[in-house]
Amino acid sequence: MSKPAHFKFRLYVAGDGPNSNLAIANLQALCREHLLDRHEIEIVDVFLEPKRALADGVVLTPMLVKLSPAPVCKIIGCLSQTKRALLALDLPAHLNGNGT
Amino acid sequence: MNRKPFLNHKTPPAPSLPKARTGIEGFDEITDGGLPKGRTTLLEGGSGSGKTVMALQTLVNAARIDNEPGIFVAFEESSERITLNASKFGWDLVALQKSKLFFLDAQPTSELVQSGTCDLGGMLAAVEAKAREIKAKRVVFDAIDVVLAMLNDTKAERLEVFRLHEWLLTRGFTALITAKTGSFYQCDPYMANRPQLGFMQFMVDCAVNLNHQLVRGVSQRSLRVVKYRGSSYSENESPFLIGDGGLEVAGGRRVGWPKPLEALKPIERVSSGVKRLDAMLGGGYYRGAGILITGFPGTAKSTLAGAFSEAACRRGERTLFMSFDSDANEVVHNMASVNIRLERFVKSGKLRLVSARAVTGSAEVHLMQIKQHAKEHGACCVVIDPVSALAKAGNEETAYSVAERLLDWSKTAGITLVCTSLLREASSSTESTPLQISTIADTWIHLNYQVHAGERNRGLSIIKSRGTSHSNQVRELVLSDRGVTLADAYTAGGEVLMGTLRWEKERAEIAARDEDQATAKKVLANLDNEEVEIEMRIKSAQRELAAKRSEKKALSLVASERLHAFTNGRAHMRELRGVDKT
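Nothing here was measured: the structure is a model prediction, and the numbers come from that model. (Residues numbered from 1 in each chain as written. Chains lettered and ligands numbered in written order. Predicted model: local features only at pLDDT ≥ 70, side-chain atom pairs only at ≥ 80, totals over all residues. Heavy atoms only, no water.)

(A) Molecular detail of the sheet that holds strand 11 (residues 238-243) of chain B. All names here are of chain B. Spatial ordering of the open sheet is given by 5-4-7-8-3-9-10-11-12, a layout of nine strands whose pairing is mixed. Since the sheet does not close on itself, it has two edges, and those belong to strand 5 (101-105) and strand 12 (246-249), each with one partner. Strand-to-strand twist of the sheet, defined as the mean angle between neighbouring strand axes without regard to direction, takes the value 25 degrees. Direction of pairing for strand 10 (residues 218-228) relative to strand 11: antiparallel, over a ladder of three bridges. The partner of Arg221 across the bridge, within strand 11, is Phe240. Of the strands in this sheet, strand 3 (40-45), strand 4 (70-74), strand 5, strand 7 (138-142), strand 8 (174-180), strand 9 (206-215), strand 10, strand 11 and strand 12 are in contact with helix 2 (residues 51-65), which crosses strand 7 at around 165 degrees. Sheet strands in contact with helix 14 (residues 363-377) are strand 11 and strand 12, and its direction is about 60 degrees off that of strand 11. (Pairing = 2+ DSSP bridges. Helix = DSSP H or I, 4+ residues; strand = E, 2+ residues; numbered from the N terminus. Axes fitted to C-alpha atoms, helices over the stretch in contact; angles between N-to-C directions. Contact = heavy atoms within 4.5 Å.)

Shown next, in the form of structure tokens:
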């Protein structure tokens, strides 16, 4: 069995509003549960680094970008719908997930 | 002198609110200066109503006219498509995009997965970054409804709208937000229940509604300022069209905008092209007047208009002839048949002949075209043949207001406008025009047919002519290959005689005159003869007299000689007889 892939994430948030905090917490929880010790998270606050938002085409925040493994995928929202997020990240969804 | 301030009409009332002009013809007029500066304006309307074009045009104009950079946030269409679509307007977006205009593509992509609530924070940050970079003063959010729908939650939408508004206000951007509304979405239960758009209307300082509808199969666009905080504005619907240069709004004039009374000056007269008609009008049309020529089909309305054009070109004035019922070549040919030579003026460029035959468009579109042609050509004389074509397509109410504005425009521009108008057979008895523009025209010439004694002849009468004394007589309009002229109409027994009857009457009068002359000649000749005879008689009598006199003289001579001889003879006898001297 091959070694499970290492996940690289970039999370764009806008300031420290409720959506930002929720997104960070949800992502961290998701990683703990599914990608323990095989993930990297970069958090970009677009209010602090607006030029990055411009360059990366961030419109809606929070936005999670899975940089690797390929393919690159983008998820918007605070990641409260875990099932959807897992599906998009191609990770096995557990039946006890609170998403729809 | 003591001047009362409220009588001083020279300065318009100061704008109560700083305005950012849009540079869109007519729009700045109805909003009294443009959009509220540093505030937010909502532009709502159905799909295809011209929101994107208008929003982009304000940015382009701000960049070009006022040198104000702007950002266009495209939520629905990609910037590439927008620039491609706008390329026909000649705004030179490529050059503007280098420094003064920035497109931010913010279309949600289909592969975007959503999980939980989100907000517009990223977009605001991106706009902020770019705005700082290019020092943008204006922002457009095109199709905000698209991105709001992504939020998927009414409360969140409302919150985001509120946040956006706050953000714009604190940054001092003059913002324009476009959103889809209207009947198009009423069938869609989700879209029909979009409270946040209504909420947006309450929130913004200015809201403009764009409307696009079909009236009897003809497209009619109009816009209306729904609200404008702190400013006066035209509350009525203003028709607009998307022309070659973008949006053009028909600026509805408002009552009460003071206009200084111009000093009375002698108004120049211009020839109607028909000498005798000029005489009837007391010198011709007034320059800058609106002239209406009405009549049934075939009463030579166009010909009169053509005569006017020819006269104008002869004076060296640039003239525009808009024909709505004939082809340009046809016009030239038809006019040439009555010795109105337009071809050379078309060739020299004095006359612009435009045929808009069979062109379907709302009255508004036609008006804009007329204005555009007149502007391009620099025309000071314009002929619309016939103006009733405006009412052909679409509804007549619009056509009337368009005709009104046409006249208003021509007067403001100092253009002498000649309009022909077709009368319908049904309204023949009333002499009323379908557009009712006869009331606003300065001079109204009516042409009709007089059917009498098996003939149809053209009669011309001046129904009204403001500010001129004019003939009250109905005259006959005579067209021939030598030109157009008016003939005196004869009245006989209360009826106007025309055509053959007039000719017969003329002939009869000439014959009667001839007869009179002949009789007089004859009498004169007789008198002459008598005179000669008498003179001759006098002469012969004189001769006779002279003869008698000489005879008498001779006779008296003989007598005196005889007497002398007798006396001498007596003395001799006495001497012979030796009678003594006594």
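After that view of the structure, there is still more to cover.
(B) Here's a closer look at helix 1 (residues 18-34) of chain A. All names here are of chain A. An ideal rise of 1.5 Å per residue puts 24 Å on 17 residues; helix 1 measures up with 24 Å between its terminal C-alpha atoms. Those residues of helix 1 not exposed but buried are Asn19, Ser20, Ala23, Ile24, Leu27, Leu30, Cys31 and His34. Down the axis of helix 1, the smallest arc covering the buried residues is 135 degrees, so these residues share one side. Turned more than 90 degrees from where helix 1 packs its buried face, Pro18, Arg32 and Glu33 sit exposed. The secondary structure elements touched by the buried residues of helix 1 are strand 1 (7-13), strand 2 (39-45), strand 3 (63-68) and helix 3 (82-88). (Expected span 1.5 Å × (residues − 1). Buried < 20%, exposed > 50% of the residue type's maximum accessible area, 1.4 Å probe, protein only. Arc of directions from axis to C-beta.)

(C) Geometry of helix 16 (residues 499-577) of chain B. If you check helix 16 of chain B, its first and last C-alpha atoms are 115 Å apart, about what 79 residues at 1.5 Å a residue would give, namely 117 Å. Positive backbone phi, approximately 70 degrees, marks Gly578 of chain B, located one or two places after helix 16 of chain B.

(D) A look at the nonpolar core. Residue and element names in this part refer to chain B. Ranked by size, the top nonpolar core spans 51 residues in total, and within it Val73, Met123, Phe141 and Ile144 carry the most contacts. Sorting elements by how many residues they give to this core places helix 5 (residues 121-134) first, with eight residues. Contact partners of Ile144, with chain neighbours within four places excluded, come to Phe75, Leu164, Ile177, Thr178, Ala179 and Met200. (Core = buried A, V, L, I, M, F, W, Y, C linked by side-chain atoms within 4.5 Å.)

(E) Expanded view of the side chain of Glu248 of chain B. Residue and element names in this part refer to chain B. Of note, Glu248 is situated in strand 12. As a buried residue without a salt bridge, Glu248 has its nearest oppositely charged side chain in Lys375, at a separation of 6.9 Å. When neighbours within four sequence positions are excluded, Glu248 is seen to be in contact with Glu25, Pro239, Phe240, Leu241, Gly243 and Met368. (Lys, Arg positive; Asp, Glu negative; His and termini not counted. Salt bridge = Lys/Arg side-chain N within 4 Å of Asp/Glu carboxyl O.)

(F) Quick look at the interface of chain B and chain A. Contact residues are listed per partner, giving 26 residues for chain B and 25 residues for chain A. Buried surface at the junction of chain B and chain A, both sides included, amounts to about 2,000 Å², of which 64% is carbon and sulfur. Taken as a group, Val113, Ser115 and Asp119 of chain B account for 27% of the area that chain B buries against chain A, more than any other trio of residues on that side. Seen at the junction of chain B and chain A, the total is 16 residue pairs in polar contact (both at pLDDT 80 or more). Of all elements in the fold, only strand 5, strand 6 (113-114), helix 5 and helix 6 (144-151) of chain B reach the threshold of two or more residues within the side of chain B that touches chain A. Considering every element that reaches the side of chain B that touches chain A, the biggest residue donor is helix 5 of chain B, with seven residues. The pairing of strand 4 (residues 73-76) of chain A with strand 6 of chain B spans two bridges and is parallel. When the bridges of strand 6 of chain B are listed, Ile75 of chain A appears paired with Val113 of chain B. (Buried area = accessible area lost by both parts, 1.4 Å probe. Polar contact = N/O pair within 3.5 Å; in protein donor to acceptor, adjacent residues only side chain to side chain.)

(G) Spatial organisation of the pattern of salt bridges. All names here are of chain B. Enumeration over the complete set of coordinates arrives at 27 salt bridges over all chains. The residue Glu68 makes a salt bridge to Arg138 at a minimum N-O spacing of 2.9 Å. With a gap of 70 residues between them, Glu68 in the loop between helix 2 and strand 4 and Arg138 in strand 7 connect regions that are remote in the sequence. Its relative accessible area of 12% is what places Glu68 among the buried residues. Given a relative accessible area of 3%, Arg138 falls into the buried group. Residues Asp205 and Arg229 are paired through a salt bridge, measuring 3.2 Å at the closest nitrogen-oxygen approach.

(H) Main features of empty space enclosed by the protein. All names here are of chain B. Taken as a whole and judged by the stated rule, the model has one cavity of 30 Å³ or more. Its boundaries defined by the atoms lining it, the largest cavity holds a volume of some 40 Å³. In terms of lining residues, the largest cavity is bounded by Leu35, Thr58, Leu59, Arg138, Val139, Val140, Thr174, Ala175 and Leu176. Those elements that place two or more of their residues in the lining of the largest cavity are helix 2, strand 7 and strand 8. Classifying every residue of the lining of the largest cavity by side-chain character gives six nonpolar, two polar and one charged. (1 Å grid on protein atoms, 1.4 Å probe; cavity = no way out; pocket = protein on both sides within 12 Å on 5 of 7 lines; lining within 4 Å. Points joined across faces, edges and corners; volume = space filled by probe spheres on them. Nonpolar A, V, L, I, M, F, W, Y, C, P; charged D, E, K, R; others polar.)

(I) Spotlight on unusual backbone geometry. Of note, the bond from Ser68 of chain A into Pro69 of chain A is cis; its omega dihedral lies within 30 degrees of zero at 0 degrees. Tracing the chain through its elements places Pro69 of chain A in the loop between strand 3 and strand 4. The linkage connecting Asp385 of chain B with the following residue, Pro386 of chain B, adopts the cis geometry, with an omega of -10 degrees. Here Pro386 of chain B shows up in the loop between strand 18 (381-385) and helix 15 (396-412). Positive phi, normally seen in glycine, also occurs at Asp90 of chain A, with a value near 60 degrees. You can see Asp90 of chain A is positioned in the segment after helix 3. Positive phi values are uncommon outside glycine, yet Lys135 of chain B reaches one of about 55 degrees. Tracing the backbone through its elements, the reader meets Lys135 of chain B in the loop between helix 5 and strand 7. Under the relative-accessibility criterion, Lys135 of chain B is labelled exposed at 61%.

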